[in-house]
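# Observations on chain architecture
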Amino acid sequence: MQTNFTPDQLKDPAMASSEKILRTCVHCGFCTATCPTYLLLGDELDSPRGRIYLIKDMLEGGRPATPEVVKHIDRCLSCLSCMTTCPSGVHYMHLVDHARSYIEATYTRPWHDRLLRTVLASILPYPNRFRLAIGAALLAKPFRSLIGALPLFGNRLKAMIDLAPARVPARSPFDRPGVFRTQGERRARVAILSGCAQPVLKPGFNEAAVRLLNRHGVEVVQPKGEGCCGALVHHMGRDEEGHAFAKRNIDAWIAEMDGEGLDAIIITASGCGTTIKDYGFMFRDDPDYADKAARVSNLAKDVTEYVAGLTLMEPVRATDLVVAYHSACSMQHGQQIRTEPKTLLKRAGFTVKDVPEGHICCGSAGTYNLLQPEIAAQLRARKVANIERTQPDLIATGNIGCMTQIGQGTGIPIVHTVELLDWATGGPLPEALEAAGFEKRLDSLAIAAE
């Protein structure tokens, strides 16, 4: 794609980076075939190619973003399926992130949109605030229909209430800084991201990861001072806030790397993993953090990516469970991790089925299902229908957002991949399977195996 940026514009590192990305695009349109919003809406401007044209015009012109541009950029899920499809290697993620930052700096949103985004940015990255917000949502559930009928943002408030869990999970003893020792000889030492929303909604994920890693000789440390990775606000264009969260984590992990040392930084939420692996790019021009951020990105690994490099012990329990594996967009498109989770599940004794249209987003996408609830609902219905076609006993995935989104649309139990690996190698039955009554079935199978 031909570009016409001025020399002065290209002095801005972000603009220079976007210009290189724009020049990579050859207008082929392959991306339109795998873009969820284009498949649903059929509008060229709601495809990656269309958005690239809008972004090019906006950045080259140096003008404030227009309502039309904002509408179509806001509709982008950042699922990155287009990056997997693109034969030219267009790095759409960095381009759309820059566009969102530019929009945030140049466009004044309607007051109700600004208010809602500020509320989300002020609550979701902070576990204690998020826990209180869930409590408020539970109190509001009886009035969800009335709230949904409110003008301007009632539909979004209703989406928030609907996505809230039925209860506020208890705090986990693992949700604190500290070191979790191995059960035998230590083979490696890793840090684990505590995160923000996940330890509130599903504290069992990190518990399962710690148990699994300890069982395989890996010491786990949760450093003091780390927390939200910054992805939620970063993808809303709020760069300053996102970078502040990232710097806090970088400082915490560098202290461990330069202290007792780390072999990896383990992430159990693939959405966070994609962002942390991009810290090196985010801070490439920061003289104080460029090197440190690159070191962190190089050590970051999804938990299944790391466990795939270990010699996983033989399963200690027999199972006949059929698992539909849902690969989060941030996993398969953002991190290019596709086979490792399924291979691990198969080795653990599960029958694994691929989901039809597995490359299409479920509609979660960070805060997308809160800010674009109608499109997100259509994508959830499509995803659930495809999952149910495989007739699984349960669903496994590696991202808390996908689990919350898909779980709202189906009665099939949904668990984190690491919970199944932990259970198969000696850990407790995942809470979702216990609640669904799987314990009796599995006990009967164990007796039959004896």
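These lines cover the structure that appears in this document, whether it is placed above or below. (Residues numbered from 1 in each chain as written. Predicted model: local features only at pLDDT ≥ 70, side-chain atom pairs only at ≥ 80, totals over all residues. Heavy atoms only, no water.)

### Things to note about the sheet that holds strand β2 (residues 188-192)
Taking strand neighbours across the sheet as the criterion, the 5 strands line up as β1-β3-β2-β4-β5 in an open arrangement whose pairing is mixed. Single-partner strands in this sheet number two, and they are β1 (178-180) and β5 (300-302). Strand-to-strand twist across the sheet, computed as the mean angle between neighbouring axes with direction ignored, equals 35°. By the bridge criterion, 3 bridges tie strand β4 (residues 264-267) to β5 in an arrangement that is parallel. Bridging from a neighbouring strand, I267 pairs with D302 of β5. (Pairing = 2+ DSSP bridges. Helix = DSSP H or I, 4+ residues; strand = E, 2+ residues; numbered from the N terminus. Axes fitted to C-alpha atoms, helices over the stretch in contact; angles between N-to-C directions.)

### Considering helix α6 (residues 92-106)
When the terminal C-alpha atoms of α6 are compared, their 21 Å separation across 15 residues agrees well with the 21 Å that a helix rising 1.5 Å per residue should span. Burial runs high along α6: 12 of the 15 residues are buried. Of the residues making up α6, those classed as buried are Y92, M93, H94, L95, V96, D97, H98, A99, R100, S101, Y102 and I103. (Expected span 1.5 Å × (residues − 1). Buried < 20%, exposed > 50% of the residue type's maximum accessible area, 1.4 Å probe, protein only.)

### Focus: the packing of helix α1 (residues 13-24) against α6
Two elements in contact, α1 and α6, have axes whose closest approach is 9 Å; the angle formed by their N-to-C orientations is 135°. By the angle class used here, α1 and α6 are oblique. Where α1 crosses over α6, the handedness of that crossing is left-handed. Taken together, the residues of α6 that come into contact with α1 (itself represented by A14, M15, S18, I21 and L22) are H94, L95 and H98. Considering only residue class, the contact of α1 with α6 consists of 5 nonpolar, 3 polar and no charged. (Parallel < 35°, antiparallel > 145°, perpendicular 65-115°, else oblique. Left-handed = near helix turned anticlockwise from the far one by under 90°. Contact = heavy atoms within 4.5 Å. Nonpolar A, V, L, I, M, F, W, Y, C, P; charged D, E, K, R; others polar.)

### Considerations on the nonpolar core
The biggest cluster of nonpolar side chains holds 95 residues, and the ones touching the most others in it are I276 and Y279. Within the second largest apolar cluster, 27 residues are counted, among which are F5, A65, V70 and V96. (Core = buried A, V, L, I, M, F, W, Y, C linked by side-chain atoms within 4.5 Å.)

### Structural notes on the side chain of E226
When you line up the elements, E226 lands in the loop between β3 (218-222) and α13 (231-234). Salt bridges are absent for the buried E226, whose nearest opposite-charge side chain, R248, sits at 7.0 Å. In contact with E226, other than residues within four places in its own chain, are I192, L193, S194, G195, R248, N249, A252 and W253. (Lys, Arg positive; Asp, Glu negative; His and termini not counted. Salt bridge = Lys/Arg side-chain N within 4 Å of Asp/Glu carboxyl O.)

### Focus on the sheet that holds strand β6 (residues 322-325)
Sheet strands pair by backbone hydrogen bonding; their relative direction is either parallel or antiparallel. One open sheet accounts for 4 strands, arranged β7-β6-β8-β9; its pairing is parallel. Here the strands that pair on one side only, and so sit at the sheet edges, are β7 (351-354) and β9 (414-416). Each strand axis lies, on average, 35° off the axis of its neighbour in the sheet, ignoring direction. Sheet analysis places β6 next to strand β8 (residues 394-397), joined by 3 bridges and oriented parallel. Pairing of Y325 across the sheet is with A396, part of β8. Packed onto the sheet, helix α23 (residues 400-407) meets β8 and β9 and runs at close to 175° relative to β9. Those strands touched by helix α24 (residues 417-424) are β6, β8 and β9, and its axis lies near 75° from that of β9.

### Comments concerning the packing of aromatic side chains
Given two aromatic rings, one states the distance between the centres and the angle between the planes to describe the pair. Across all of its chains, the model carries 6 aromatic pairs by this definition. Centroid distance Y279 to F283: 6.4 Å. Interplanar angle 85°. Geometry classified as edge-to-face. Residues Y279 and F283 agree in their burial class; the two are buried. With a centroid separation of 6.1 Å and an interplanar angle of 45°, the aromatic rings of F350 and W423 are classed as tilted. Here W423 lies in helix α24 and F350 lies in the loop between α20 (340-347) and β7, a separation of 73 residues in the sequence. Among the residues examined, W423 registers a relative accessible area of 5% and is labelled buried. (Phe/Tyr/Trp six-rings, centres within 6.5 Å; stacked < 30°, edge-to-face > 60°.)

### Notes on a nonpolar patch on the surface
On the surface, a cluster of nonpolar side chains totalling about 400 Å² of accessible area is made up of W111, L115, V119 and L152. Within the secondary structure, W111 sits in helix α7 (residues 111-123). (Patch = residues over 30% accessible without salt bridge, like charges linked within 9 Å, V, L, I, M, F, W, Y side chains within 5 Å. Areas by Shrake-Rupley, 256 points an atom, 1.4 Å probe, with all protein chains shown as cover.)

### Some thoughts on unusual backbone geometry
The backbone of E357 shows a phi angle near 55°, a positive value even though the residue is not glycine. Relative to the helices and strands, E357 resides in the loop between β7 and α21 (368-371). On the basis of relative accessibility, which here comes to 30%, the residue E357 falls in the partly exposed class.

### What to know about the pattern of salt bridges
A full pass over the atoms with the stated rule returns 31 salt bridges. One salt bridge in this structure joins R117 and D74, with 3.5 Å as the shortest N-O distance. Of this pair, R117 sits in helix α7 while D74 sits in helix α4 (residues 67-74); the two residues are 43 residues apart in sequence, bridging distant segments of the chain. Looking at R117, the relative accessible area reads 8%, which means it is buried. The class for D74 is buried, based on a relative accessible area of 15%. What emerges from the salt-bridge pattern is a single network uniting R181, R186, R189, E219, E256 and E260.

### A look at the pairing of β6
Taking every second residue as pointing to the same face, both faces of β6 are buried, with V322 and A324 on one and V323 and Y325 on the other. With 4 bridges joining them, β6 and β7 adopt parallel strand pairing. Each bridged residue has a counterpart across the sheet, and for A324 the counterpart in β7 is K353.

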